[in-house]
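Now for the letters of each chain:
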Amino acid sequence: VNEFSKWWVNGAPGDSISIRDRGLTYGDGLFETIAVRDGNPRFLDYHIDRLFDSCKRLDIPCPTDISDQVREIVAGCTFGTAKIILTRGIGARTYAPPEKPTPTRIIGLTKAQPPPRAVYAAGVKARSCQATVSINHTLAGMKLLGRLEQVMARSEWKDAQIREGLMRSDDGRIICGTMTNVFFVSNGNLSTPDLSRCGINGVMRRVVMEQAPKCSLDCVEVDIHAKDLREADEIFLTNSLIGIWPVSQLDEAELAIGPVTRRLMTELVNVGVAECAI
Ligand SMILES: Cc1ncc(COP(=O)(O)O)c(C=O)c1O
């Protein structure tokens, strides 16, 4: 592996944790993946917001100095990816959480390469996946460890031309890509799947929804079915590292990169997602 990377575990340089850590034994923890541009962790406040909110829901004490540590580790990195992994820490061999958990705090930085320009200018090919996302109101929205559903979905194809796969929930609604949130435009109206039952409440999804009114758009969160997909004029994908990727092909259907997607990409450039410039 030629990747430059550095890791801190609980505030000190290192890259190993206990085999009794509940993050490993039960996937009992959370993570954040953050784009680093010119020494800055992009939308760090939004990532920390989601982390704190999820910690509250899971009753994991969230260290308050975590954003300072991220800023410290990314200083000087021009283009990279930072990662926070926060687990409930070491526990006995029982599902019952420790009464006073000491969370394990892992922060890392990896140097990255920007995605090729063509994916923004010409759009990406996507496919529909067989692997589904489980419905679970208790856990919906959080960026939890244990992403086996996405691993199963991503192992369905090897064709490097296909950049993403769309996933449905067990009851057939379109929820997300394997590593992205998804948006649809029909007759000029912007929508994205409702995530109250499953899916990850993406940081870039939040940014797009906040920027939409600047393009005189009102983004609605709705149930989206396969039929809505077929009727969409534009589809695009979002995550913290890519910004927006327009979809130019979904399975056999070809799609134009439409005006709404382009306008939103321009708005993202204005808030610091420079790679969306086309
Ligand atoms: C399943 C899934 N949904 C959505 C997202 C997008 O989240 P964010 O915008 O916070 O990167 C990701 C990111 O990795 C993901 O894996």
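Presented here is a report on the structure given in the accompanying data block.

Definitions and cut-offs
Residues numbered from 1 in each chain as written. Predicted model: local features only at pLDDT ≥ 70, side-chain atom pairs only at ≥ 80, totals over all residues. Heavy atoms only, no water. Helix = DSSP H or I, 4+ residues; strand = E, 2+ residues; numbered from the N terminus. Rg over C-alpha atoms; globule rule 2.2 N^0.38 Å. Buried < 20%, exposed > 50% of the residue type's maximum accessible area, 1.4 Å probe, protein only. Lys, Arg positive; Asp, Glu negative; His and termini not counted. Charge placed at Lys NZ, Arg CZ, Asp CG, Glu CD. Patch = residues over 30% accessible without salt bridge, like charges linked within 9 Å, V, L, I, M, F, W, Y side chains within 5 Å. Areas by Shrake-Rupley, 256 points an atom, 1.4 Å probe, with all protein chains shown as cover. Salt bridge = Lys/Arg side-chain N within 4 Å of Asp/Glu carboxyl O. Pairing = 2+ DSSP bridges. Contact = heavy atoms within 4.5 Å. Axes fitted to C-alpha atoms, helices over the stretch in contact; angles between N-to-C directions. Disulfide = S-S within 2.5 Å. Near = heavy atom within 4 Å. Polar contact = N/O pair within 3.5 Å; in protein donor to acceptor, adjacent residues only side chain to side chain. 1 Å grid on protein atoms, 1.4 Å probe; cavity = no way out; pocket = protein on both sides within 12 Å on 5 of 7 lines; lining within 4 Å. Sits in = over half its atoms within 2 Å of the grid points. Nonpolar A, V, L, I, M, F, W, Y, C, P; charged D, E, K, R; others polar.

Here we look at the overall build of the protein chain
So, point 1. Regarding its fold elements, the protein chain presents eight helices and 15 strands.
So, point 2. In terms of C-alpha radius of gyration, the protein chain reaches 19 Å, essentially the compact-globule figure of 19 Å for 278 residues.
So, point 3. If one aligns the C-alpha atoms of the protein chain with their principal axes, the spans along those axes are about 55 × 45 × 35 Å.
So, point 4. Within the protein chain, buried positions represent 51% of all 278 residues.
So, point 5. Computed over 33 positive and 34 negative side-chain charges, the inter-centroid distance for the protein chain is 3 Å.

Regarding a nonpolar patch on the surface
So, point 1. Taken together, Ile17, Ile19 and Leu24 make up a surface patch of nonpolar side chains, about 330 Å² in accessible area.
So, point 2. The class of Leu24 is exposed, set by a relative accessible area of 56%.

Focus: the sheet that holds strand S1 (residues 5-9)
So, point 1. A sheet is described by the order of its strands in space; here six strands give the open sequence S2-S1-S6-S5-S3-S4, paired in antiparallel fashion. Taken across any chain shown, the strands that pair with only one partner, and hence form the sheet edges, are strand S2 (12-13) and strand S4 (40-41).
So, point 2. Relative to S2, S1 runs antiparallel, the two being bridged by two bridges. For Trp8, the partnering residue across the bridge sits in S2 and is Pro13.
So, point 3. Across the sheet, helix H2 (residues 44-58) is in contact with strand S3 (29-37), S4 and strand S5 (79-87); its angle to S3 comes to roughly 180°.
So, point 4. Those strands touched by helix H3 (residues 66-74) are S1, S3, S4, S5 and strand S6 (104-111), and its axis lies near 25° from that of S6.

Some words on the state of the cysteines
So, point 1. Considering all chains together, one arrives at zero disulfides under this definition.
So, point 2. Considering cysteine sulfurs only, Cys198 is the nearest to Cys176, which forms no disulfide, with 7.3 Å between them.
So, point 3. On the basis of relative accessibility, which here comes to 5%, the residue Cys176 falls in the buried class.
So, point 4. Here Cys276 is not disulfide-linked; the sulfur of Cys215 is the nearest cysteine sulfur, at 12 Å.
So, point 5. Look at Cys276 and you get buried, because its relative accessible area is 1%.

What about the site of the ligand?
So, point 1. Around the ligand, 14 residues are found, and the nearest of them are Arg50, Lys143, Val203, Met204 and Ser240.
So, point 2. Residue Arg50 places a side-chain N or O atom 2.9 Å away from an oxygen atom belonging to the ligand.
So, point 3. Between the ligand and Lys143 there is a distance of 2.9 Å, counted from an oxygen atom to a side-chain nitrogen or oxygen.
So, point 4. Contact with the protein chains removes 92% of the 390 Å² of surface that the ligand exposes when unbound.
So, point 5. A majority-of-atoms criterion places the ligand in the largest pocket.
So, point 6. A per-class count over the shell around the ligand returns four nonpolar, eight polar and two charged.

Some points on the environment of Met152
So, point 1. Structurally, Met152 can be placed in helix H5 (residues 148-154).
So, point 2. Residue class for Met152 comes out partly exposed when judged on its relative accessible area of 49%.

Section: the side chain of Ser169
So, point 1. Within the element layout of this structure, Ser169 appears in the loop between strand S8 (162-168) and strand S9 (174-177).
So, point 2. Judged by its relative accessible area of 2%, Ser169 is buried.
So, point 3. Among the polar contacts made by the side chain of Ser169, one reaches the side chain of Asp171 at a distance of 2.5 Å.
So, point 4. Dropping the residues within four chain positions of it, Ser169 is found in contact with Thr132, Val133, Ile135, Ile175 and Cys198.

Considering the side chain of Arg50
So, point 1. Structurally, the position occupied by Arg50 is in helix H2.
So, point 2. Apart from residues no more than four positions distant in its own chain, Arg50 is found in contact with Glu32, Lys143, Ile200, Asn201, Gly202 and Val203.

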